[in-house]
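Reading the structure
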Amino acid sequence: MKYGRYCWRVVFLFPQFCKILFTFSIDMECSVDVFVGNTTVIDPEIYQLWVDGNSAHEAADVLQKRGILQQWGANMDLLMSDVLDHYRTFHMLEKTLHTPLKLTATGEWTFQIDGDTQQLLIEKYYELDDVVVREVLGKKLSSRHRKDLDEVSEKTAISLRSCRRQFDNVKRIHKLVEELPGHIVNNIQHNFLLSTELSRKYAAVVFIAVNRFETTKRKLQYLNFSDFYHCAHQMIEHWSSTSCHATSMRNQSETETEIETDLDVDRGFLHDLREVRILLDKEKELKHLVCSQLKGRLTDKIYSDMESSFKTHSRSLVLLAGNLNRSRELRSLFVDLVERCVEPLRQARWTSRDLRLFLDYYTPAGVQLFKSDSATALVWERYMKVISSCLVKIYHN
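So, a few notes on the structure that sits alongside this text. This structure is a prediction, so every number in the text was calculated from the model and none was measured. (Residues numbered from 1 in each chain as written. Predicted model: local features only at pLDDT ≥ 70, side-chain atom pairs only at ≥ 80, totals over all residues. Heavy atoms only, no water.)

Let's shift gears to the packing of aromatic side chains. Evaluated as defined, the whole model comprises 20 aromatic pairs. Arranged with centres 6.1 Å apart and planes meeting at 50°, the rings of Tyr 87 and Phe 90 form a pair that is tilted. One end of the pair, Tyr 87, and the other, Phe 90, are both in helix α4 (residues 76–97), three residues apart, so they sit about a helical turn from each other. Grouping residues by exposure puts Tyr 87 and Phe 90 together as buried. The rings of Tyr 47, Trp 50, Tyr 87, Phe 90, Tyr 125, Tyr 126, Phe 192 and Tyr 202 are connected pair by pair, giving a single aromatic cluster. Directly above the aromatic system of Tyr 222 lies the positively charged group of Arg 346, at a separation of 4.4 Å from the ring centroid. The ring centre of Phe 269 lies 4.2 Å from the NZ or CZ of Arg 382, which sits over that ring. (Phe/Tyr/Trp six-rings, centres within 6.5 Å; stacked < 30°, edge-to-face > 60°. Helix = DSSP H or I, 4+ residues; strand = E, 2+ residues; numbered from the N terminus. Buried < 20%, exposed > 50% of the residue type's maximum accessible area, 1.4 Å probe, protein only. Lys NZ or Arg CZ within 6 Å of the ring centre and 35° of its normal.)

Structure below.
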């Protein structure tokens, strides 16, 4: 009697992604072939499609349109199977990506991934679309606003899955670094292993959220994320509790007892800003100093407007400074800059160059008038350094 020939091929996928392939051949005897591998294979192109929020079928369609079937001589079923296999891997990886330090930890054996691929996985998973961030900027990172992300998706043409990923990542980073002392960019880099540039993006978003700056008013809709990013980092660098200016301005015992972070605006500095109101009493001297420097540097029309409207422009900047110690005034900083400074100058047809020239001479003129009070002169200079940079950045259509 002859025994039939039977063959089984079985593949076991362990959590460690060790692939074990058995081939059984039975014909009066048994032979076993075993293949073991422990490397998690990541296709960057498929991973990017997953990060962008495409479903497996959508990703396969995109790859087909890119000509991958012709390139490899494969059929659609094989491509779909490969994409689904990758997507299963990505879904298993996602929980680990929420805490990147676990992915790169020494002794990590669940996912055997080389260092370069680890960095690619983390950086791509946490990447941000500026148009999406602009829509969530200044809003509470609550479940209610997460439910409204379908509107953000429709407005920005970014998939809903991607919008949710970015929203959740911002919320996750905000929650972790909000209470950490020290420099926010360093804290983000250390805990999430992101590049400097991407860490700076998250730092700007968290800084604006922590200080509750108003960014959603209709007057501010023309501003993009790049504008807020620039202004946030100007404030972090020059106005925060850990900025290079802060230690000389604060009481020593206060510095020792408080946990300092550059997410906090230096309250001592904001309190000292009230002293710059003395410039309101020195308006004539201030105007003379500025106008004497700008004559011949501006067109006759702009110079005439600057001279006739100097009191309005100057008072806007000085009063804004004097009121920033109030939390409500600080939160409305961007609204006030647009209403009090940008809009009047737009109506007068000032160019960005005109504004830059005015500020370049206005700031040192104020310093000169504080020559008998060096502490207030430093406070004025510190204030105007940020305000000038922000005004020039947001002065566009």
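Here we come to the nonpolar core. Counting 116 residues, the largest nonpolar core has Trp 239, Phe 358, Tyr 362 and Tyr 383 as its most contacted members. Looking at this core, the element that brings in the most residues is helix α23 (residues 374–394), giving 10 residues. (Core = buried A, V, L, I, M, F, W, Y, C linked by side-chain atoms within 4.5 Å.)

Applying the stated rule across the entire model yields 10 salt bridges. A salt bridge links Asp 266 to Arg 382; its shortest N-O distance comes to 3.4 Å. Within this pair, whereas Asp 266 is found in the loop between α15 (252–257) and α16 (267–272), its partner Arg 382 is found in helix α23, the two being separated by 116 residues in sequence. (Salt bridge = Lys/Arg side-chain N within 4 Å of Asp/Glu carboxyl O.)

Here the focus is the packing of helix α21 (residues 333–347) against α23. The packing of two helices is summarised by the inter-axis angle and the distance between the axes. Where α21 meets α23, the axes come as close as 11 Å, and the angle between the chain directions of the two elements is 70°. As the angle between them shows, α21 and α23 are arranged roughly perpendicular. Contact with α21, carried on its side by Leu 333, Leu 337, Val 338, Cys 341 and Val 342, involves Ile 387, Cys 390, Leu 391 and Ile 394 of α23 and no other residues of that element. Partitioning the contact of α21 with α23 into residue classes produces nine nonpolar, no polar and no charged. (Axes fitted to C-alpha atoms, helices over the stretch in contact; angles between N-to-C directions. Parallel < 35°, antiparallel > 145°, perpendicular 65-115°, else oblique. Contact = heavy atoms within 4.5 Å. Nonpolar A, V, L, I, M, F, W, Y, C, P; charged D, E, K, R; others polar.)

Let us look at helix α2 (residues 56–65). Listing the buried residues of α2 in full gives Ala 56, Ala 59, Ala 60 and Leu 63. Seen from one end, α2 has its buried residues packed into an arc of 100°, which puts them on one side. Exposed side of α2, more than 90 degrees from the buried face: His 57 and Lys 65 are the residues found there. Considering only its buried residues, α2 is in contact with α1 (44–51), α3 (68–72) and α4. After α2 finishes, the residue Gly 67 shows a positive phi value of roughly 85°. (Arc of directions from axis to C-beta.)

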